[in-house]
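Structural overview
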Amino acid sequence: VRIRFTFIQCCIFVLAIASILMSSAADSSSVTIPNLLEGESKDTVLSVLGGIYEHSPWVAETLYESKIASCGAGNATIENVRHLFDAMSAIVDDASQEQKMELVRAHPDLAAKVEKLSTLTKESQEEQSRAGLGTLTEEERTKFLTLNEAYRTKFGFPFILAVRNASKHTVLAAIEGRIGNSAEVEFATALAQVHKIAWMRLLAAIDTPEPTGFLTCHVLDTANGCPAANMSVQLHRLSPPESAGLVAEFVTNDDGRLPGGPALKGKDFQVGVYEWTFFVGDYFARKGTYISGTPFLDEVPIRFGIDDPTEHYHVPLLVSPWSFSTYRGS
């Protein structure tokens, strides 16, 4: 019995050690802002940030020399992922015109992405697969290739679009609209897309365990000129898929706001796609406001995206039985 007990103890000990090692490995793979600032080597910084701007490690190298090696953990200008992006994008914006053109031209041609997905960088492969570029119909493919060739001939650099959260229809509409731009306007547009791609890559590369951003809401009854008190509201997360589902249910207070403060904050405030559902038909019925037999507005869904874990997103509703509007506040 004693031998058997000792064997069980050994098994538990081994499993505990394995758990600790796995936990340490998981922690070591999570890169946070403090990790980058607290004595990380240049090679480590470049391994994390070198691919943020396509085939342009000089951006990360300049950041390391100017912001990390010289300041380290005492660098008060980089406290979160937004500050890090602002520092990297400023390096690009301050670069010479030749460097900027090289950066734009470093991006693979979208037509080549359609034809040769396997030759792209890991980041580009993921972005193109999300956009569904491999599902173009023959007609769409012909149209895109024709427009793409005309675009490159006119501007001398590839058509660039941040396609991670775009559809193939977005890609086709964008190239069709932008081909009429002047060279100056289109270069600025392309560079803005380069920054947008870099931002999304940075969000994927940097862990933000305690986001400082938060989500709030306010419902105003424009038919009666008052806050919409006692309206039922649901919040769903639509993406990322691993955390999709109902987040919370609320009933607005006398001021038309959510009781208890923000709907999302802290670790629950994730970058992704969300949807409010406002049960306005029930609200107006309780209020005694006239609504048609088949309500023109019954449940009002508002789908929106949270792109920055450091910001305040205020997504309100102004509503009557016949109309509604919203906006991004802060």
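Here we look at the sheet that holds strand β5 (residues 245–251)
The strand order across the open sheet formed by four strands is β5-β4-β7-β8, and the pairing between neighbours is antiparallel. At either end of the open sheet lies a strand with only one pairing partner, and these are β5 and β8 (299–306). Ignoring strand direction, the axes of neighbouring strands in this sheet form an average angle of 20°. Pairing of strand β4 (residues 232–239) with strand β7 (residues 272–279), which is carried by six bridges, proceeds in the antiparallel orientation. Along β7, the bridge assignment pairs Val233 with Phe278. Across the face of the sheet, helix α12 (residues 280–287) comes into contact with β7 and β8 while running at roughly 25° to β7.

Quick look at the packing of helix α6 (residues 97–106) against helix α11 (residues 183–205)
Taken N-terminus to C-terminus, the directions of α6 and α11 make an angle of 65°; their axes are 10 Å apart at the nearest point. α11 is crossed by α6, and the crossing has left-handed handedness. Across from Gln97, Lys100, Met101, Leu103 and Val104 in α6, the residues of α11 making contact are Phe187, Ala190, Leu191 and Val194. In the contact of α6 with α11, the residues fall into seven nonpolar, one polar and one charged.

With respect to the sheet that holds strand β2 (residues 219–221)
Strand order across the open sheet formed by four strands is β3-β2-β10-β11, with mixed pairing between neighbours. Each edge of the open sheet carries a strand with a single partner, namely β3 (226–227) and β11 (324–325). With two bridges joining them, strand β10 (residues 317–319) and β11 adopt antiparallel strand pairing. For Leu318, the partnering residue across the bridge sits in β11 and is Ser325.

A short note on the nonpolar core
For soluble globular proteins, nonpolar side chains are generally found buried alongside one another. Counting residues in hydrophobic clusters, the biggest one holds 54 residues, and the most contacted among them are Leu49, Tyr53, Leu63, Leu84, Met88, Leu202 and Ile206. In terms of residues, this core owes the most to one element, α11, which gives 10 residues. If you look at the next biggest cluster of nonpolar residues, it comprises 28 residues, including Trp276, Ile302, Ile306 and Val319.

What to know about unusual backbone geometry
Pro240 follows Ser239 through a cis peptide bond whose omega is 5°. Counting through the fold element by element, Pro240 comes out in the loop between β4 and β5. Backbone geometry at His55 places phi at a positive 50°, although glycine is not the residue there. If you trace the backbone, His55 turns up in the loop between α3 (42–49) and α4 (58–68). Residue class for His55 comes out exposed when judged on its relative accessible area of 55%.

Considerations on the pairing of β7
The buried count for β7 comes to seven of eight residues, which makes it a mostly enclosed element. Sheet analysis places β7 next to β8, joined by eight bridges and oriented antiparallel. The residue of β8 that forms the bridge with Glu275 is Arg303.

A word on a nonpolar patch on the surface
A contiguous nonpolar patch, built from Tyr290, Phe296 and Trp322 and spanning about 420 Å² of accessible area, is present on the exposed surface. Tracing the chain through its elements places Phe296 in the loop between α12 and β8. When its relative accessible area of 55% is taken as the criterion, Phe296 is described as exposed.

Concerning the environment of Ala192
Along the chain, the position of Ala192 falls in helix α11. When the C-alpha positions of Ala192 and Leu161 are compared, they lie 9.2 Å apart, and in sequence the two are 31 residues distant.

Looking at α6
Counting along an α-helix, one turn takes 3.6 residues, and residues three or four places apart therefore face a common direction. Among the residues making up α6, those that are buried are Lys100, Met101, Leu103 and Val104. Considered in projection along α6, the buried side chains sweep an arc of 160° and stay on one side of the axis. More than 90 degrees from the buried face of α6, the exposed residues found are Glu98 and Glu102.

Quick look at the environment of Pro241
In this structure, Pro241 sits in the loop between β4 and β5. Assessed through its relative accessible area of 66%, Pro241 is described here as exposed. Taking the C-alpha atoms as reference points, Pro241 and Gly272, separated by 31 residues in sequence, lie 9.3 Å from one another.

Procedures and definitions
Residues numbered from 1 in each chain as written. Predicted model: local features only at pLDDT ≥ 70, side-chain atom pairs only at ≥ 80, totals over all residues. Heavy atoms only, no water. Pairing = 2+ DSSP bridges. Helix = DSSP H or I, 4+ residues; strand = E, 2+ residues; numbered from the N terminus. Axes fitted to C-alpha atoms, helices over the stretch in contact; angles between N-to-C directions. Contact = heavy atoms within 4.5 Å. Left-handed = near helix turned anticlockwise from the far one by under 90°. Nonpolar A, V, L, I, M, F, W, Y, C, P; charged D, E, K, R; others polar. Core = buried A, V, L, I, M, F, W, Y, C linked by side-chain atoms within 4.5 Å. Buried < 20%, exposed > 50% of the residue type's maximum accessible area, 1.4 Å probe, protein only. Patch = residues over 30% accessible without salt bridge, like charges linked within 9 Å, V, L, I, M, F, W, Y side chains within 5 Å. Areas by Shrake-Rupley, 256 points an atom, 1.4 Å probe, with all protein chains shown as cover. Salt bridge = Lys/Arg side-chain N within 4 Å of Asp/Glu carboxyl O. Arc of directions from axis to C-beta.

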